[in-house]
Amino acid sequence: MNNSVVIDKKFYWELFKSTFLISAFTVGGGFVIIPLLKAKYVDHYKWMSDKEALDLVSVAQSAPGVVAVNAAIIIGYRLAGYTGAALTLLATVLPPLVTLTVISYFYDAFAHNHYVQILLRGMQCGATALIIDVGLNLLQKELKKKLLLPCLIIFGTFIANYFFQVNIMYLILIDAVIGYLWLQDEKYS
């Protein structure tokens with residue numbers, strides 16, 4: 001656990017509340033959670049470093065299951081042990097559970113409502129912008145390091161997926177093997 005974080009009732013409430021709000025506004029897939037987690041846990045609360053948050057999210061992405069839930073559980077555990085993991089799990093699944101329950105009762109009204117469809121389109125645009133922002137920030141950090149191999153991995157993965165439609169799961173596995181074999185040197189940390 002982070003020694004600089006004093007764990008008390010206020011901390012647990014802040015952890016639950018911030019995770020709940022992040023989950024409530026994570027629309028468009030699990031990758032949207034990354035900039036929101038960074039903004040809240042790294043920039044606002046300073047509970048962890050930027051690199052540590054990205055490492056934890058990377059682990060969450062490689063684990064089976066929903067990225068947003070995995071990331072919240074891992075970060076909750078990192079910050080407050082099993083209690084933190086349980087709190088962040090509850091805070092992450094509660095907003096979609098409530099939302100889906102309400103939507104299921106009023107499905108016909110929502111499915112064919114022009115205004116709801118417009119709202120969802122706008123939310124998709126915002127989610128896309130957040131994902132692009134994260135990708136560009138990661139690329140910018142790698143380019144600043146001026147190391148060729150990580151940049152080749154980024155561009156190669158993008159080209160393979162975008163132009164040749166190589167399954168992203170295969171690309172992640174290939175990138176993991178490349179990382180394991182050739183990125184163990186300290187200069188890549």
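Our structure is the block above this text.
Residues numbered from 1 in each chain as written. Predicted model: local features only at pLDDT ≥ 70, side-chain atom pairs only at ≥ 80, totals over all residues. Heavy atoms only, no water.

## A closer look at helix H2 (residues 33-44)
The complete set of buried residues in H2 reads Ile 33, Ile 34, Pro 35, Leu 37, Tyr 41 and Val 42. Looking at the buried side of H2, the elements it contacts are helix H1 (9-24), helix H3 (50-62), helix H4 (67-105) and helix H6 (114-145). Positive phi shows up at Lys 46, right after H2, with a value of about 60°. (Buried < 20%, exposed > 50% of the residue type's maximum accessible area, 1.4 Å probe, protein only. Helix = DSSP H or I, 4+ residues; strand = E, 2+ residues; numbered from the N terminus. Contact = heavy atoms within 4.5 Å.)

## Considerations on the packing of aromatic side chains
What the rule picks out here adds up to 10 aromatic pairs. Relative to Phe 16, the ring of Trp 13 lies with its centre 6.1 Å away and its plane at 25°, an arrangement referred to as stacked. Taken together, the positions of Trp 13 and Phe 16, both in helix H1 and three residues apart, correspond to about one turn of that helix. A relative accessible area of 48% means that Trp 13 is categorised as partly exposed. The interplanar angle of 85° and the centroid separation of 5.0 Å between the aromatic rings of Tyr 162 and Phe 163 together place this pair among those described as edge-to-face. Note on accessibility: Tyr 162 and Phe 163 belong to one class, exposed. The structure contains a cluster of three or more aromatic residues connected by ring pairs, namely Phe 11, Tyr 12, Tyr 41, Tyr 45 and Trp 47. (Phe/Tyr/Trp six-rings, centres within 6.5 Å; stacked < 30°, edge-to-face > 60°.)

## Focus: a nonpolar patch on the surface
Among the surface-exposed residues, Leu 143, Ile 154, Phe 155, Phe 158, Ile 159, Tyr 162, Phe 163 and Phe 164 lie close enough to one another that they form a single nonpolar patch of about 830 Å² accessible area. Looking at the nonpolar patch element by element, the count peaks at five residues for helix H7 (residues 148-162). Of note, Ile 154 is situated in helix H7. Exposure remark for Ile 154: the relative accessible area of 30% places this residue in the partly exposed category. (Patch = residues over 30% accessible without salt bridge, like charges linked within 9 Å, V, L, I, M, F, W, Y side chains within 5 Å. Areas by Shrake-Rupley, 256 points an atom, 1.4 Å probe, with all protein chains shown as cover. Salt bridge = Lys/Arg side-chain N within 4 Å of Asp/Glu carboxyl O.)

## A word on unusual backbone geometry
Even without being a glycine, Lys 46 presents a positive backbone phi close to 60°. Assignment of secondary structure puts Lys 46 in the loop between H2 and H3. For Lys 46, a relative accessible area of 59% puts it in the exposed group. Positive phi, close to 55°, is recorded for Lys 146, a residue that is not glycine. Counting through the fold element by element, Lys 146 comes out in the loop between H6 and H7.

## Let's talk about the nonpolar core
In this structure, Leu 15, Leu 37, Tyr 41, Trp 47, Met 48, Ile 75 and Leu 79 are the most contacted members of the largest nonpolar core, which totals 21 residues. Elements supplying a minimum of two residues to this core: H1, H2, H3 and H4. (Core = buried A, V, L, I, M, F, W, Y, C linked by side-chain atoms within 4.5 Å.)

## Concerning the side chain of Glu 14
Positionally, Glu 14 belongs in helix H1. Leave out the neighbours within four places in its chain, and Glu 14 touches Tyr 45 and Trp 47.

## Topic: the side chain of Ser 18
Structurally, Ser 18 is set in helix H1. Take Ser 18: its relative accessible area is 1%, and that puts it in the buried class. A distance of 2.7 Å separates a polar atom in the side chain of Ser 18 from the backbone oxygen of Glu 14. Ser 18 has contacts with Lys 40, Tyr 41, Tyr 45 and Trp 47, leaving out every residue within four places of it along the chain. (Polar contact = N/O pair within 3.5 Å; in protein donor to acceptor, adjacent residues only side chain to side chain.)

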